[in-house]
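Chain residues, written in single-letter form:
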Amino acid sequence: MFRDASQHLGKLQQDLGVKADVLIGTGDVPKVLSQLAKQTKADLLVTGCYPYGENLRTHGYAIIARCRFQF
């Protein structure tokens, strides 16, 4: 699954002419995403949940709850 995701993202970036760091993690979604965002000092977080769309609201809330916002 990791290799497949990496290949698809690489092709998508190439097709769009975009160069961006891509991090792919596994485990508890909110925990992994918040750790990666803090670790990389991310300004933007883009997530996907296919085929588990029904968890997007739950995961989104948990991710936001773990974030510390600075304005």
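Residue positions are counted from 1 within each chain, in the order its sequence is given. Per-residue local features are limited, in this predicted model, to residues with pLDDT of at least 70; the limit for side-chain atom pairs, both in listing and counting, is 80 or more; totals at the level of whole chains, interfaces and linings are taken over all residues. By convention in this description, side-chain values take in all heavy atoms of the structure and omit both hydrogens and water.

1. Quick word on the overall build of the protein chain
In terms of helices and strands, the protein chain carries three helices and zero strands. Secondary structure elements are taken from DSSP: a helix is a run of H or I of four residues or more, a strand is a run of E of two residues or more, and numbering for both begins at the N terminus. Seen in sequence order, the protein chain has helices and strands lined up from the N terminus as α-α-α. Each of the 71 residues in the protein chain was classed as buried or not, and the buried ones make up 7%. Exposure was quantified through the Shrake-Rupley algorithm and a 1.4 Å probe, taking into account, for residues, occlusion by the shown protein chains and nothing else. Accessible area of the protein chain: about 6,700 Å², with a carbon and sulfur share of 56%. Using a 1.4 Å probe on the protein chains alone, a residue whose accessible area is under 20% of its type maximum counts as buried, one over 50% counts as exposed, and one in between counts as partly exposed.

2. Overview of unusual backbone geometry
Peptide bonds are mostly trans, and most non-glycine residues show a negative phi. At K41, a residue that is not glycine, the phi angle is positive and equals roughly 55 degrees. Examined against the element boundaries, K41 turns out to sit in the loop between α2 (29-40) and α3 (56-66). K41 sits in the exposed class, given a relative accessible area of 70%.

3. Things to note about the pattern of salt bridges
Each salt bridge in this description consists of a side-chain nitrogen of Lys or Arg and a carboxyl oxygen of Asp or Glu lying within 4 Å of one another. The final tally for this structure, using the stated rule, is one salt bridge. The closest approach of N and O atoms between D15 and K11, which form a salt bridge, is 3.0 Å. Here K11 and D15 lie together in helix α1 (residues 2-16), a separation of four residues that amounts to about one turn.

Everything listed is a geometric property; what it means functionally is a separate question.
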